[in-house]
Amino acid sequence: GQPIREAEVLAPVLGLYGPRTKVDERGHYALCAAVGELDVAAVAAGHGAASAHLWVRGSLEWNFQLGDAFSLKGVVLDEKERRPVAGAIVAATPAEAPSALAHTSTTNAQGEFKVAGLGEGMFLVQALAPGYVSLSPRWVRAGVGTPIELMVSAVGRLDGKVGYVDGLPGAG
């Protein structure tokens, strides 16, 4: 297909930013990354991202095809009270490249979110919020259109002490 001049190719490390590069006017890219297993993604505004889990040994050619952009939408709820959780971060990570950079969105006052710019395929979706833990990471197909509910649970606090059995450090 036609080159997408504004596209970038990146290789996130454990879901965080890693090596990245922009494509040239012909759509070509060259990315330097460590030899071994690598999750690589191609992204461009207005297009769905594409990602791949690759094994790189020296030099490897890999072409990406970016299609239509898909999205996921839904609501984040407190599990116990079933009330919306505002300010939660919702992360969608592609199944075919699990350490790839997650697409994220922040919930509004009604707990609603929309994660946009996704490629076609399955995504692991979970919510993170201060004072809560994620209860329901879910596998969801992008673009299906059915809103999803993500549950979070308020965290408690555990206090105490750790010490020696007899109150004294062990010998030796």
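Parameters and conventions
- Residues numbered from 1 in each chain as written.
- Predicted model: local features only at pLDDT ≥ 70, side-chain atom pairs only at ≥ 80, totals over all residues.
- Heavy atoms only, no water.
- Helix = DSSP H or I, 4+ residues; strand = E, 2+ residues; numbered from the N terminus.
- Rg over C-alpha atoms; globule rule 2.2 N^0.38 Å.
- Buried < 20%, exposed > 50% of the residue type's maximum accessible area, 1.4 Å probe, protein only.
- Contact = heavy atoms within 4.5 Å.
- Areas by Shrake-Rupley, 256 points an atom, 1.4 Å probe, with all protein chains shown as cover.
- Lys, Arg positive; Asp, Glu negative; His and termini not counted.
- Charge placed at Lys NZ, Arg CZ, Asp CG, Glu CD.
- Phe/Tyr/Trp six-rings, centres within 6.5 Å; stacked < 30°, edge-to-face > 60°.
- Polar contact = N/O pair within 3.5 Å; in protein donor to acceptor, adjacent residues only side chain to side chain.
- Pairing = 2+ DSSP bridges.
- Axes fitted to C-alpha atoms, helices over the stretch in contact; angles between N-to-C directions.
- Salt bridge = Lys/Arg side-chain N within 4 Å of Asp/Glu carboxyl O.
- Patch = residues over 30% accessible without salt bridge, like charges linked within 9 Å, V, L, I, M, F, W, Y side chains within 5 Å.

Draft legend 1. The overall build of the chain, seen in detail. Helix and strand counts for the chain come out as zero helices and twelve strands. Counting helices and strands in the order they occur from the N terminus, the chain gives β-β-β-β-β-β-β-β-β-β-β-β. A globule of 172 residues ought to have a C-alpha radius of gyration of about 16 Å, yet the chain, at 21 Å, is considerably larger. The buried share among the 172 residues of the chain stands at 35%. Counting contacts in the chain only where the partners sit at least 6 residues apart, residues at least 24 apart contribute 48% of the total. Element-wise, carbon and sulfur atoms account for 54% of the exposed surface of the chain, whose accessible area totals about 10,900 Å². The centroid of the 14 positive side-chain charges in the chain is displaced by 4 Å from the centroid of its 17 negative side-chain charges.

Draft legend 2. Spotlight on unusual backbone geometry. Positioned with a positive phi, R82 is a non-glycine residue whose angle comes to about 55°. Position of R82 among the secondary structure elements: in the loop between β5 (70-78) and β6 (89-94).

Draft legend 3. Spotlight on the packing of aromatic side chains. Tallied over the entire structure, the rule returns one aromatic pair. Ring centres of Y29 and F64 lie 6.2 Å apart, and the angle between their planes is 45°; this geometry places the pair in the tilted category. On the criterion of sequence distance, the pair formed by Y29 in the loop between β2 (20-22) and β3 (36-43) and F64 in the loop between β4 (50-56) and β5 is long-range, its members being 35 residues apart.

Draft legend 4. Region of the structure containing the environment of R26. Mapping R26 onto the fold places it in the loop between β2 and β3. Each C-alpha atom of the pair R26 and P3 lies 5.7 Å from the other, and the pair is 23 residues apart in sequence. In terms of polar contacts, R26 uses its side chain to reach the side chain of H28, at 2.9 Å.

Draft legend 5. Structural view of the sheet that holds β5. Strand order in the open sheet made by the four strands is β8-β5-β12-β10, with mixed pairing throughout. If you trace the sheet from one side to the other, it starts and ends with β8 (112-118) and β10 (132-134), each paired once. Looking at each pair of strands side by side, their axes are set apart by 35° on average, direction ignored. Of the strand pairs in this sheet, β10 and strand β12 (residues 148-154) are connected by three bridges, and their pairing is antiparallel. For V133, the partnering residue across the bridge sits in β12 and is S153.

Draft legend 6. Looking closely at the pattern of salt bridges. Scanning all chains against the criterion turns up six salt bridges. For R82, the salt bridge identified is with E149, shortest N-O distance 3.1 Å. Separated by 67 residues along the polypeptide, R82 in the loop between β5 and β6 and E149 in strand β12 bring together distant segments of the chain. Overall, the relative accessible area of 45% leaves R82 in the partly exposed class. Owing to a relative accessible area of 36%, E149 belongs among the partly exposed residues under this scheme. Between R157 and D159 there is a salt bridge whose closest N-O contact spans 2.9 Å. Each member of the pair R157 and D159 is classed as exposed. Among the charged side chains, a network of salt bridges with common partners joins D78, E81 and R83.

Draft legend 7. Seen up close, a nonpolar patch on the surface. Residues V133, L135 and V155 make up a contiguous nonpolar surface patch of roughly 230 Å² in combined accessible area. If you trace the backbone, L135 turns up in the loop between β10 and β11 (138-141). For L135, a relative accessible area of 42% translates into the label partly exposed.

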